[in-house]
Amino acid sequence: MVWNYFVPVALTVILLWLVSVYFNHKESAKGKLILWYSGVTASALLGVFIILYWFDIKRPPMRTMAETRIWYSFLVSLVSLSVFKAYRSKNMLTIGLIMASVFLVVDIIHPEYQGRFLMPALQSPWFIPHVVSYMLAYAVLASASLSVAWTSFSKGSVHDELQQQMRLVYPGFALLTLGMLLGAYWAKFAWGDYWAWDPKEVWALITWFFYLLVIHIHRYLPTKHKLMAHLMIIALGVLLITWLGIKYLPSASQSIHVYGG
């Protein structure tokens, strides 16, 4: 079983990412090469593990929290490396790879593996595009908000960081919107209604509104840097509740989005 190899793979990936973080703060040309190849190798290794695990369990590995954490770790690392390659954002790379490593550490401590089969409600062609859209959106938006939060608390240039991270907020928001639309369309076929005011749906909508507000302020009040930064940080908190906190709400027992793990 592929999952039996998760711990050594995860530890290797984390070690390589930490090497990248270390050399991210070195100015030598050799250090930059080590940074890049170490980070890419780690992400590629995790990607191969996800593919092999998918074939092994014969279903999309997107059901349990442990499985989604692996995806988030993989996607956040890709986003961080891509942004670093495009804009040389050291903060983004450091924060992203540390966050990706934390996801894997949590899975090592609390794996939550739950078998091969999907419940009937998830056996739909809409399952993968819906979940992947949300995963990509959360990875992009969380990375952008964390980078802004880091800059705010470290007293760096919030204006420069906002300008850089807003390049991520727009596509992240588009993916979030796509995920909501795909989910609504799927729900109509699965349960007969586009919207059920499920706790997960409500918090996803709240997250969507917060990032919509950030976009509007960026577009129409571009000099309100502190306001945008504070909203980005609040939006991150709402996003984390949507992803991680729903299962702990009293109403979660009735949620159609809490499948276990």
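Residues numbered from 1 in each chain as written. Predicted model: local features only at pLDDT ≥ 70, side-chain atom pairs only at ≥ 80, totals over all residues. Heavy atoms only, no water.

A short note on the overall build of the chain
In step 1: Looking only at helices and strands, the chain has eight helices and zero strands in total.
In step 2: Ordered by position in the sequence, the α and β elements of the chain form the string α-α-α-α-α-α-α-α.
In step 3: Taken over C-alpha atoms, the radius of gyration comes to 19 Å for the chain, in line with the 18 Å a tight globule of 261 residues would show.
In step 4: Projecting the C-alpha coordinates of the chain onto the three principal axes gives extents of approximately 55 × 50 × 30 Å.
In step 5: Classification of the 261 residues of the chain by burial places 49% in the buried group.
In step 6: Put simply, of all contacts in the chain between residues at least 6 apart along the chain, 77% involve residues at least 24 apart.
In step 7: Within the chain, the 10 negative side-chain charges are centred at a point lying 8 Å from the centre of the 19 positive side-chain charges. (Helix = DSSP H or I, 4+ residues; strand = E, 2+ residues; numbered from the N terminus. Rg over C-alpha atoms; globule rule 2.2 N^0.38 Å. Buried < 20%, exposed > 50% of the residue type's maximum accessible area, 1.4 Å probe, protein only. Contact = heavy atoms within 4.5 Å. Lys, Arg positive; Asp, Glu negative; His and termini not counted. Charge placed at Lys NZ, Arg CZ, Asp CG, Glu CD.)

Let's talk about helix α2 (residues 29–57)
In step 1: The first and last C-alpha atoms of α2 sit 43 Å apart over 29 residues, in line with the 42 Å expected at 1.5 Å per residue.
In step 2: Immediately beyond the C-terminal end of α2, within one or two residues, lies K58, with a positive phi of roughly 60 degrees. (Expected span 1.5 Å × (residues − 1).)

Regarding the packing of helix α4 (residues 90–109) against helix α5 (residues 127–153)
In step 1: It is the contact of α4 with α5, at a shortest axis distance of 9 Å, that shows an interaxial angle of 115 degrees. Every pair of crossing elements has a handedness; the one defined by α4 and α5 is right-handed. In this structure, α4 uses N91, M92, I95 and M99 to contact α5, whose residues at the interface are S143, A144, L146, S147, W150 and T151.
In step 2: Of the residues that constitute the contact of α4 with α5, the class distribution is six nonpolar, four polar and no charged. (Axes fitted to C-alpha atoms, helices over the stretch in contact; angles between N-to-C directions. Left-handed = near helix turned anticlockwise from the far one by under 90°. Nonpolar A, V, L, I, M, F, W, Y, C, P; charged D, E, K, R; others polar.)

Examining the nonpolar core
In step 1: Counting 70 residues, the largest nonpolar core has W17, F49, L104, Y138, V169, Y211 and M232 as the members making the most contacts within it.
In step 2: Listing elements by their share of this core, those giving two or more residues are α1 (6–23), α2, α3 (65–87), α4, α5, α6 (158–191), α7 (199–220) and α8 (225–245).
In step 3: Contacts of Y211, omitting those with residues within four sequence positions, involve L141, S145, V169, F173, M232, A235, L236 and L239. (Core = buried A, V, L, I, M, F, W, Y, C linked by side-chain atoms within 4.5 Å.)

Let's talk about the packing of α1 against α4
In step 1: Look at α1 against α4: their axes get within 10 Å of each other, and the N-to-C directions meet at 160 degrees. It follows from the interaxial angle that α1 and α4 lie roughly antiparallel. As for how α1 packs across α4, the hand of that crossing is left-handed. Contacts from F6, V7, A10, L11, V13, I14, W17, S20 and V21 of α1 reach α4 at T94, L97, I98, A100, S101, L104, V105, D107 and I108. (Parallel < 35°, antiparallel > 145°, perpendicular 65-115°, else oblique.)

As for the pattern of salt bridges
Any two side chains of opposite charge can pair, on the condition that their charged atoms come close.
In step 1: Under the defined criterion, the tally for this structure stands at three salt bridges.
In step 2: R59 is paired through a salt bridge with E67; the nearest N and O atoms lie 2.6 Å apart.
In step 3: For the salt bridge of R69 with D107, the shortest nitrogen-to-oxygen distance reads 2.6 Å. Of this pair, R69 sits in helix α3 while D107 sits in helix α4, and the two are 38 residues apart along the sequence. An identical accessibility class is assigned to R69 and D107; each is buried. (Salt bridge = Lys/Arg side-chain N within 4 Å of Asp/Glu carboxyl O.)

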